[in-house]
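# Fold and contact review
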Amino acid sequence: QNQPKEKEPEAPKSIAAQIDKILQDKLPNTHLRERSIRLLELPERGMVVQVDGKSFDGVGDVQEEEVRKLIQICVAEWEKIP
């Protein structure tokens, strides 16, 4: 009777969440480690990039080239996942 409950399958993560996971894994190993950089999927807005609390409607809207490049590296890595 005290059988462990079966784990419910995880809901598939959005593309933004998958890329954000890669980003969060890489970020601590970069000189941007002190920054808050997130990719979010928001209803009715789609993918949003948050940099230090500021929201951008896409990677191209992020003004800092270093932040944009890091996100682009993460996107390229995500694209290689089968």
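Residues numbered from 1 in each chain as written. Predicted model: local features only at pLDDT ≥ 70, side-chain atom pairs only at ≥ 80, totals over all residues. Heavy atoms only, no water.

By secondary structure assignment, the location of Asp-20 is in helix α1 (residues 15-26). Residue Asp-20 is classed as buried on the basis of its relative accessible area, which comes to 5%. Polar contacts involving the side chain of Asp-20 include one to the main-chain amide nitrogen of Leu-39, which spans 3.0 Å. Other than its neighbours up to four places away in sequence, Asp-20 contacts Ile-37, Arg-38 and Leu-39. (Helix = DSSP H or I, 4+ residues; strand = E, 2+ residues; numbered from the N terminus. Buried < 20%, exposed > 50% of the residue type's maximum accessible area, 1.4 Å probe, protein only. Polar contact = N/O pair within 3.5 Å; in protein donor to acceptor, adjacent residues only side chain to side chain. Contact = heavy atoms within 4.5 Å.)

This next bit is on the pairing of strand β2 (residues 46-51). By the bridge criterion, 6 bridges tie strand β1 (residues 37-42) to β2 in an arrangement that is antiparallel. Paired with Ile-37 across the strands is Val-51, a residue of β2. In sequence, β1 turns back onto β2 through a hairpin of 3 residues, with Glu-44 there showing a positive phi of about 65°. As paired strands, β2 and strand β3 (residues 54-56) are joined by 3 bridges and run antiparallel to one another. Each bridged residue has a counterpart across the sheet, and for Val-51 the counterpart in β3 is Lys-54. (Pairing = 2+ DSSP bridges.)

A word on the pattern of salt bridges. Here the structure, examined in full by the defined rule, presents 7 salt bridges. One salt bridge in this structure joins Lys-21 and Asp-25, with 2.9 Å as the shortest N-O distance. Of this pair, Lys-21 and Asp-25 are both found in helix α1, 4 residues apart, which corresponds to roughly one turn of the helix. Using a relative accessible area of 44% as the deciding quantity, one classes Lys-21 as partly exposed. Assessed through its relative accessible area of 45%, Asp-25 is described here as partly exposed. The salt bridge partner of Arg-35 is Asp-52, with a shortest N-O separation of 2.6 Å. Remark: Asp-52 occurs in the loop between β2 and β3 and Arg-35 occurs in the loop between α1 and β1; sequence separation between them is 17 residues. Its relative accessible area of 41% is what places Asp-52 among the partly exposed residues. (Salt bridge = Lys/Arg side-chain N within 4 Å of Asp/Glu carboxyl O.)

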